[in-house]
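# What the coordinates show
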Amino acid sequence: MDKKTDISGQLANAPVWKLIIRLSIPAILAQIVNLLYNLVDRIYIGHMEDVGTMAITGLGLCFPVLSLISAFTMLIAQGGAPRAAIEMGKGDIKKAEKILGNCFLLLIVLSAILTTVFLVFGEKFLMLFGASESTIIYALPYLRIYVAGSVFVMISLGLNMFITTQGFTKISMATVLIGAICNIVFDPIFIFVFDMGVRGAALATIVSQAISAVWVLSFLTGHKTKLRIKRENLLPDTNKHFFQIFCIPQRFPSLLTHCRLRSVSSHTVPPDQMPGGF
């Protein structure tokens, strides 16, 4: 019995409480590790000599945009992955792979749209969130580099859910671990050794996410996965099931509230006077 058949059998026949423990613990650990991305950036940027506080403020102004990119990723992933799981439960692997291929295509298209929008209007968005002349010089370079590599962020985050859906929770956890560890290593190199400042922090994050994206794609095109990305499945499926892969994540309403609060607070108290850069 190969590993794919073994995992499918466990998902179908194992006790529910054992499955919950086996599948949830790696997923929870992955979410905890995922917090390291922003945390590590803030730690290193905060130690930049003379400009750390202002640079941290600039990074904070980028957070709504970064959250928006994650929200659009979840729009596809949280809708597509459960649909693929349902089809796998029915034994229709071909349809599940079609959903995976369509989601992959949508992630690429959305990343191209978001990249274009934020490269063109990024400065206006930051000013809307309350950026000042003293913080925009840190926020805008970080934002431009991050959105330029948003395709890697969306692929690694979005397609990783299809790995979890198949029961490969340790593989999906490894995706997050690889990116987080690379980010920890690259941050001080780009920020201090190459003297790139906030640009280095953004570049370190994107390079780390690119490595995670390669890991995810290599798995989903390899032989260990049950659902495989295939060229013929990248063509959009225009029937009604295509639109069922969209899911409005809970973070959209909270994101709008956060953006509004960021804008109001930043216009009430000048960002360069906020303690700790907030």
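For the structure itself, look to the data block above.
Across all of its chains, the model carries seven aromatic pairs by this definition. The interplanar angle of 65° and the centroid separation of 6.3 Å between the aromatic rings of Y44 and F192 together place this pair among those described as edge-to-face. Of this pair, Y44 sits in helix α3 (residues 36–46) while F192 sits in helix α8 (residues 169–193), and the two are 148 residues apart along the sequence. Given a relative accessible area of 23%, Y44 falls into the partly exposed group.

Moving on, we get to the pattern of salt bridges. Per the counting criterion, the structure on display carries four salt bridges. Of the charged contacts, one joins E87 and R83 as a salt bridge, the two residues approaching to 3.8 Å between their closest N and O atoms. With a gap of four residues between them, E87 and R83 both fall in helix α4 (residues 52–90), about one helical turn apart. Side by side, E87 and R83 carry an identical accessibility label, which is buried. Among the ionic pairs, K90 bridges to E87, the shortest N-O distance being 3.9 Å. With K90 and E87 both in helix α4 and three residues apart, this pair spans about one turn of that helix. Given a relative accessible area of 62%, K90 falls into the exposed group. In the salt-bridge network here, residues are joined through shared partners; they are R83, E87, K90 and K95.

In this structure, I45, L126, Y142, L159, F162 and L220 are the most contacted members of the largest nonpolar core, which totals 56 residues. Counting residues per element, the ones that place at least two in this core are α4, α5 (93–128), α6 (133–148), α7 (150–165) and α9 (198–220). Ranked by residue count, the leading element in this core is α4, at 14 residues. What F162 contacts, discounting residues up to four positions off in sequence, is G80, A81, A84, I99, L100 and C103. Membership of the second largest hydrophobic core comes to five residues, among which are A30, V33, V176 and A180.

Of note, D50 is a non-glycine position whose phi angle comes to about 75°, a positive value. Residues other than glycine seldom take positive phi values, yet D195 does so here, at roughly 55°. Tracing the backbone shows D195 in the loop between α8 and α9. Residue classification places D195 among the exposed positions, given a relative accessible area of 67%.

Another point: the packing of α6 against α9. For the pair α6 and α9, the least separation of the axes is 8 Å and the interaxial angle reads 20°. The angle between the axes of α6 and α9 places the two elements in the roughly parallel class. The chirality of how α6 crosses α9 is right-handed. Contacts between α6 and α9 involve Y138, P141, Y142, I145 and Y146 from the first element and V198, R199, A201, A202, L203, T205 and I206 from the second. Across the contact of α6 with α9, the residue classes break down as 10 nonpolar, one polar and one charged.

Here is what the cut-offs are and how they apply
- Residues numbered from 1 in each chain as written.
- Predicted model: local features only at pLDDT ≥ 70, side-chain atom pairs only at ≥ 80, totals over all residues.
- Heavy atoms only, no water.
- Phe/Tyr/Trp six-rings, centres within 6.5 Å; stacked < 30°, edge-to-face > 60°.
- Helix = DSSP H or I, 4+ residues; strand = E, 2+ residues; numbered from the N terminus.
- Buried < 20%, exposed > 50% of the residue type's maximum accessible area, 1.4 Å probe, protein only.
- Salt bridge = Lys/Arg side-chain N within 4 Å of Asp/Glu carboxyl O.
- Core = buried A, V, L, I, M, F, W, Y, C linked by side-chain atoms within 4.5 Å.
- Contact = heavy atoms within 4.5 Å.
- Axes fitted to C-alpha atoms, helices over the stretch in contact; angles between N-to-C directions.
- Parallel < 35°, antiparallel > 145°, perpendicular 65-115°, else oblique.
- Left-handed = near helix turned anticlockwise from the far one by under 90°.
- Nonpolar A, V, L, I, M, F, W, Y, C, P; charged D, E, K, R; others polar.

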